[in-house]
Each structure stands twice: as C-alpha cells, then as structure tokens.
Amino acid sequence: MYDIYNELNKITDYIEEHILDKITISELSHLIGLNESNLKSVFTCLTGKTINEYIRLRRLSLSVTDILNGESITDVSYKYLYNSPSSYNRAFKKFEGITPKDLKNSKQLKLFNKIVFKESIKNYNIDYKIYKNKEFNLFYIAKNINYSNRSKEIPDFWRDIKSKYPEFINNKRYGYLQKNGDVSYYCLLDKKFNGSKEICIKKCNYFSIKITSFNSNDIIDNINKWIKEYIKSLNYKLLDMPIIEVYYDDFTEILIPIT
C-alpha cells in the first residue's frame, strides 16, 4: 500500500541532507515515484507551502544558526545558494523582520521547522530566542522525587514551597530537574531566602521558548518536543546541563542548554 505520508517524509529527509545543494522538483518526484505535478499539488495542499518555498524557509532558518555562530553574512549567503549577499539580505529580512547584521541584538527569532508528515500537519513556524554565554547564581531548596511520577510530585513540591516561603509568590522563580543517580527537583530564586543553598550554573548557550502554561505535563511535553524537533532543526546539540524553567506572572520560559 502506498503511504503518502511516509513518501513525503522521504522528501523532507532528502531536503535536509542536501540543503546546501541545488534541489529540483524532478529529482524529488523521482525519489518517491510520483509525477512532478502531483507531488507539487499534494505537498502544497498538506502544508500550505510550495516545495521551493519550504526549501527556502528551511535554508533561512539554518542560516540564523550559522550567523549566530560567527560565520560571515557573505559566506552564509553563498552557502545557501543565494546569488548575492543583497538577495540573501532581502529574503532574510522578509523572513525574520530584521537584517542579518541586526540578528545578534534581536529579542525574538523565527524558526521554520522541518516538517514531519502525518495525518495532522502542525504549524511549523515558532518564535524563539538564543541566549549566549548565560550563567546563573541562584538559591535553592531541592527534593528527591520519583522520575516516573514527576508530573505529580513536582507540582506538589511547588505548592509546599509556596506555602512555606512567601518569597516564591509574585516573584520570578526558577525550577529544574537534576538526574545524578538520584532524581531531584530544584526550586530556586535569584536572592537568598531562609534555609536556602547557593548554586552557580556555569555559562552556556540556551535555546529559549515561552509557553502560556504552568502545568507540569505541558512543560514536560514541550521540552520533549523542542529537543526532538526544533533543536535538531537548527543543527544544535543538547548539553548535559539542567533545562531551566523560569516562571513569570503570565508565562513560563524554558531554557534548553545547547552547543
């Protein structure tokens, strides 16, 4: 039986593997044995994007990482097969809303993620931020928890902390899970409080996304999704350091350590 979703995933896998090469509709149609006209129609119907537009958006997304990692705008423009730096600049500004030279000062960035085809195609545009060389000096109280039951034990721990320490109410607060033999969850503030211990989290880069939820299951699900889909789509790798949750009044920011 011909599985169109599986066949289209071969297309997006091929595009990722050859993103720095010229890619034609002809070679993609030959890859899955579907004529060019039908391939273009099916792809656009399911994604709302043409294949060429999809390739362009993926290249622009990846170019953000390269520039943030220090590659020159000129080198990046030719790397992703633009005819000139000026044509790359125009495409980049249309995509991100800023020019490449302003990238490092941007507070919010856009990513067009690699598409994985299944019966429900999601929106693959997301907003994110990259923090460079960020470190934390925080004060904490920690508790050992059962990892398999963490979606219940973590909220219970937060409720207990807030009942005992009013400093955790209406202030920016932090949390993270630490697996070092035992599994512990840390509740933290950026100022000392009664019974707290100090911890320094060394400098590293973080991939940051905001969600409008404080629910433990939502946070766990989103962390897993971002590591699996978005981090990989930007050619970053996960560091063996804590994934930090930062809780504000109306949203949660997740900081995923990357290299």
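As the structure is a prediction and not an experimental result, all values here were calculated from the model. (Residues numbered from 1 in each chain as written. Predicted model: local features only at pLDDT ≥ 70, side-chain atom pairs only at ≥ 80, totals over all residues. Heavy atoms only, no water.)

K.L.:
Give a detailed account of the pairing of strand β4 (residues 182-189), specifying residues and quantitative values.
P.N.:
With 7 of its 8 residues buried, β4 lies for the most part within the structure. Examined bridge by bridge, strand β3 (residues 173-180) and β4 share 7 bridges and lie antiparallel to one another. Bridge pairing links glutamine 178 to serine 184 in β4. Hairpin connection, β3 to β4: the antiparallel pair is bridged by 1 residue, and glycine 181 has positive phi, about 75°. (Buried < 20%, exposed > 50% of the residue type's maximum accessible area, 1.4 Å probe, protein only. Helix = DSSP H or I, 4+ residues; strand = E, 2+ residues; numbered from the N terminus. Pairing = 2+ DSSP bridges.)

K.L.:
Requested: an account of the packing of aromatic side chains, with residues and values cited.
P.N.:
The final tally for this structure, using the stated rule, is 19 aromatic pairs. Note on phenylalanine 43 and tyrosine 54: the rings are 5.6 Å apart at their centroids and 65° apart in plane angle, and the pair reads as edge-to-face. Highlighted residues: phenylalanine 43 in helix α3 (residues 36-47) and tyrosine 54 in helix α4 (residues 51-68), separated in sequence by 11 residues. This pair shows no difference in class: phenylalanine 43 is buried, exactly as tyrosine 54 is. Between tyrosine 165 and phenylalanine 168 the ring centres are 6.4 Å apart and the planes differ by 65°, which places this aromatic pair in the edge-to-face class. The exposure class of phenylalanine 168 is buried, given its relative accessible area of 0%. Grouping aromatic residues by their ring pairs yields a cluster made of Phe157, Trp158, Tyr165, Phe168, Tyr185, Phe193, Phe214 and Tyr247. The ring of tyrosine 131 carries lysine 134 above its face, with NZ or CZ at 5.0 Å from the centroid. For the cation-ring pair, arginine 150 lies above tyrosine 147, with the distance from its terminal atom to the ring centre recorded as 4.0 Å. (Phe/Tyr/Trp six-rings, centres within 6.5 Å; stacked < 30°, edge-to-face > 60°. Lys NZ or Arg CZ within 6 Å of the ring centre and 35° of its normal.)

K.L.:
Can you lay out helix α8 (residues 216-233) for me, pointing to particular residues and giving the numbers?
P.N.:
Under the 1.5 Å per step criterion, the end-to-end length of α8 is 25 Å for 18 residues, consistent within 8% with the ideal 26 Å. Helix geometry: α8 is bent most strongly at tryptophan 226, by close to 40°. Taken together, the buried positions of α8 are Ser216, Ile219, Ile220, Asn222, Ile223, Trp226, Glu229, Tyr230, Ile231 and Ser233. If you check the start of α8, you find a side-chain oxygen 2.9 Å away from the backbone N of asparagine 217, and it comes from asparagine 215. Just downstream of α8, asparagine 235 is the residue with a positive phi angle, here 60°. (Expected span 1.5 Å × (residues − 1). Bend = angle between axes of the 7 residues up to and from the residue. Polar contact = N/O pair within 3.5 Å; in protein donor to acceptor, adjacent residues only side chain to side chain.)

K.L.:
How would you sum up the environment of tyrosine 165? Please name residues and give values.
P.N.:
Residue position: tyrosine 165 is located in the loop between α7 (150-164) and β3. Overall, the relative accessible area of 17% leaves tyrosine 165 in the buried class. Discounting chain neighbours no more than four positions away, the residues touching tyrosine 165 are Ile141, Phe193 and Asn194. (Contact = heavy atoms within 4.5 Å.)

K.L.:
Tell me about unusual backbone geometry, and name the residues and values.
P.N.:
One non-glycine residue with positive phi stands out, namely leucine 81, at about 70°. For leucine 81, the position within the fold is in the loop between α5 (73-79) and α6 (85-96). Although it is not a glycine, asparagine 235 sits at a positive phi angle of roughly 60°. Mapped onto the elements of the fold, asparagine 235 is located in the loop between α8 and β6 (244-247).

K.L.:
So what's going on with helix α1 (residues 4-17)? Residues and values would help.
P.N.:
Here α1 spans 20 Å end to end across 14 residues, near enough to the 20 Å set by a 1.5 Å rise per residue. Glu7, Leu8, Asn9, Ile11, Thr12, Tyr14 and Ile15 are the residues of α1 that are buried. Contact partners of the buried residues in α1: α2 (25-32), α3 and α4.

K.L.:
Go over the pattern of salt bridges, please, and point to the residues and values.
P.N.:
Here the idea is simple: oppositely charged side chains can pair when their charged atoms come close. Overall, the coordinates contain 9 salt bridges when judged by the stated rule. The salt bridge partner of glutamate 7 is lysine 10, with a shortest N-O separation of 3.2 Å. Of this pair, glutamate 7 and lysine 10 both sit in helix α1, 3 residues apart, which is roughly one turn of that helix. For arginine 159, the salt bridge is made with aspartate 156, and the minimal N-O distance between the two is 2.3 Å. (Salt bridge = Lys/Arg side-chain N within 4 Å of Asp/Glu carboxyl O.)

K.L.:
Report on the nonpolar core, specifying residues and quantitative values.
P.N.:
Grouped together as the largest cluster of nonpolar side chains are 66 residues, with contacts concentrated most on Tyr128 and Phe207. In terms of residue count, α4 provides more of this core than any other element does, 9 residues in total. Contacts of tyrosine 128, omitting those with residues within four sequence positions, involve Val64, Gln108, Leu109, Lys110, Leu111, Phe207, Ser208, Ile209 and Leu234. Counting residues in each nonpolar core, the second largest holds 15 residues, with Phe136, Leu188, Ile244 and Leu255 among its members. (Core = buried A, V, L, I, M, F, W, Y, C linked by side-chain atoms within 4.5 Å.)

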